[in-house]
Amino acid sequence: MKTTIEPFRIKSVEPIRWTSRAHREALLRAAHYNLFLVSAGDVLIDLLTDSGTGAMSTHQWAAIMEGDESYAGSRSFDRFRASVQEIFGYAHVIPTHQGRAAERILFSVMCKKGDVVPNNTHFDTTRANIEFVGAEAVDLPIAEGQQPARVHPFKGNMDVAALEELIGRVGRERVPLVMLTITNNSGGGQPVSMENARAVRAVCRRHRIPLYFDACRFAENSYFIKLREPGYDSRSPKQIAQEMFALGDGCTMSAKKDGLANIGGFLCTNDDVLAAQETNLLILTEGYPTYGGMAGRDLEAIAVGLQEALDEDYLKYRIASTAYLGNHIAGHGVPIVQPPGGHAIYIDARAFLPHVPPAEFPGVALANELYLEGGIRSVEIGTLMFGAAARMDLIRLAIPRRVYTQSHIDYVIEVILEVWKRRDRIQGLRLTEEAPFLRHFTAQLEPVQPVRAG
Ligand SMILES: *Cc1c(COP(=O)(O)O)cnc(C)c1O
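My aim in this report is to walk through the structure given alongside it, one point at a time.

The rules behind the values
- Each chain has its residues counted from 1, running along the sequence as written.
- Reporting in this predicted model follows two pLDDT cut-offs: at least 70 for local features of residues, and 80 or more for side-chain atom pairs to be given and counted; totals over whole chains, interfaces and linings ignore these cut-offs and use all residues.
- As a rule here, side-chain values cover all heavy atoms of the structure and leave hydrogens and water aside.
- Labels follow the DSSP assignment, with helices taken as runs of H or I lasting at least four residues and strands as runs of E lasting at least two, numbered in each case from the N terminus.
- Computation of the radius of gyration draws on C-alpha atoms, with the globule rule given as 2.2 Å multiplied by the number of residues to the power 0.38.
- When accessible area is computed with a 1.4 Å probe and restricted to protein chains, residues below 20% of their type maximum are described as buried, those above 50% as exposed, and intermediate ones as partly exposed.
- Residues are treated as being in contact if the distance between any of their heavy atoms lies within 4.5 Å.
- Strand pairing is assigned whenever DSSP identifies at least 2 bridges connecting the two strands.
- It suffices for a single heavy atom of a residue to lie within 4 Å of a molecule or strand for the residue to be listed as near it.
- Under this definition, polar contacts are N or O atom pairs within 3.5 Å; protein pairs additionally need one hydrogen-donor-capable and one acceptor-capable atom, and for neighbouring residues in sequence, both atoms have to be side-chain atoms.
- Each accessible area is a Shrake-Rupley estimate made with a 1.4 Å probe; only the visible protein chains count as cover when residues are assessed.
- All amino acids are sorted into three groups, where Ala, Val, Leu, Ile, Met, Phe, Trp, Tyr, Cys and Pro are nonpolar, Asp, Glu, Lys and Arg are charged, and the leftover types, Gly among them, are polar.

## So, the overall build of the chain
Turning to step 1, where the next piece is worked out: When you go through the chain residue by residue, the secondary structure sums to 16 helices and 14 strands.
Turning to step 2, where the next piece is worked out: For the chain, the C-alpha radius of gyration of 22 Å lies close to 22 Å, the compact-globule estimate for 454 residues.
Turning to step 3, where the next piece is worked out: By principal-axis analysis of the C-alpha atoms, the chain measures approximately 65 × 55 × 45 Å.
Turning to step 4, where the next piece is worked out: A total of 454 residues make up the chain; the buried ones form 56% of that total.
Turning to step 5, where the next piece is worked out: A separation of at least 24 residues holds for 72% of the contacts in the chain among residues at least 6 apart in sequence.

## Re the pairing of strand 9 (residues 344–348)
Turning to step 1, where the next piece is worked out: With five of its five residues buried, strand 9 lies for the most part within the structure.
Turning to step 2, where the next piece is worked out: Every second residue of strand 9 is oriented toward a common face, with Ala344, Tyr346 and Asp348 on one face and Ile345 and Ile347 on the other, all of them buried.
Turning to step 3, where the next piece is worked out: Pairing of strand 9 with strand 12 (residues 394–398), which is carried by five bridges, proceeds in the antiparallel orientation. Within strand 12, the position partnered with Ile345 by the bridge is Leu397.

## Focus on the site of the ligand
Turning to step 1, where the next piece is worked out: Around the ligand sit 15 residues, and of these Arg100, Asp214, Arg217, Ser254 and Lys257 come closest.
Turning to step 2, where the next piece is worked out: Contacts to the ligand include Gln98, whose side-chain N or O atom sits 3.0 Å from an oxygen atom.
Turning to step 3, where the next piece is worked out: Take Lys257: an N or O atom from its side chain is 2.8 Å from an oxygen atom of the ligand.
Turning to step 4, where the next piece is worked out: Contact with the protein chains covers 97% of the free accessible surface of the ligand, which is 380 Å².
Turning to step 5, where the next piece is worked out: Elements with a minimum of two residues in the shell around the ligand: helix 4 (99–110) and helix 5 (124–132).
Turning to step 6, where the next piece is worked out: In terms of residues, the shell around the ligand owes the most to one element, helix 4, which gives three residues.
Turning to step 7, where the next piece is worked out: A breakdown of the residues in the shell around the ligand according to their chemical character gives two nonpolar, seven polar and six charged.

Here you go:
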């Protein structure tokens, strides 16, 4: 069969609300042209993030009813740990309320001022937690990973020569760990190959530096390896994940991504001494070691979700539906980051709106147009988020897991193509209010030319 269908049927539905174009114009004006300030109820299709926005399965909801809310020694923790260890294989599993809590604990224990942490590309909370302890976060993506239009099967790979050079330059004692983010979220949701992970591990072993994975989208990464890396087509996504994690010494994880849960995360390590220090910090700020920052029912949902995320029918549909969106709009000339990633499609707003200079926020202008045209919410990753340091102005359309069907995606395609047709008439914006840091969340803007009421 040619058609890849959603490998599930829908048992519980959540209505979404239509609004008129005139109503959306008023809502956007009231939100000061910043989609973060629009109420979710006024959004028809919400592609702001794939984090914590997935739909749980009947098995997960059933497991939730089995949640053991005991303070210590909860049965749910045993199930959670068994599920994590089967896939990840690490000796110690430390539950946290989400990924960034695992990061904070890991870097507080492993890093100090003056240290350097290399990564293919740090996610923003990872970078912030490293910088918070006075260490430096260094991104070492391969050259192909920095060119939006360039096609490469493993664009998320780390530049191994650059890693070797960095360690040689700053000295092994200043590099407490190396991280690999799978898939590379900030680099467009692009996968890392097993070959690259092996090469990174070889460098780490030679210098006796631990290797940690930022594992948020490990299942999507495993499926890309199955599809694209020679020798893996007959392996299951779980076997591939197990082989990948065996190359490392630990990981951080946000269960809001490939944990298929709405909240949660964990930290893993094989190091007994570090685990003891990490557990002490966990008790101080997250909770007792058998629940961390979660309820027993959350542990149950994740124990089931991690396994479901590795299901081949699910991954086939997941990767196909993201690619379907990307390939359709690219086929009509819309400039996207190529090839389509696992969890999101990124549109190059500078190429889409060449007449809008970066200082007038082409990403924000385009995201706002998609909302006005069809009630779709996306997010700018560009000049509003990073200031003048932004190398690109992109908008990200992140696809929540198991939430939208193909007809929702067809609708999104139609809206994008309508906006593409009249792109010449889209104007930029200017800031009227901004906060001193993370300004994109609360910034207020206005169109550079006044819009006529109507
Ligand atoms: C989401 C994410 C995190 C942080 O996880 P939270 O659960 O949002 O705290 C870290 N790294 C990557 C790659 C992520 O996508």
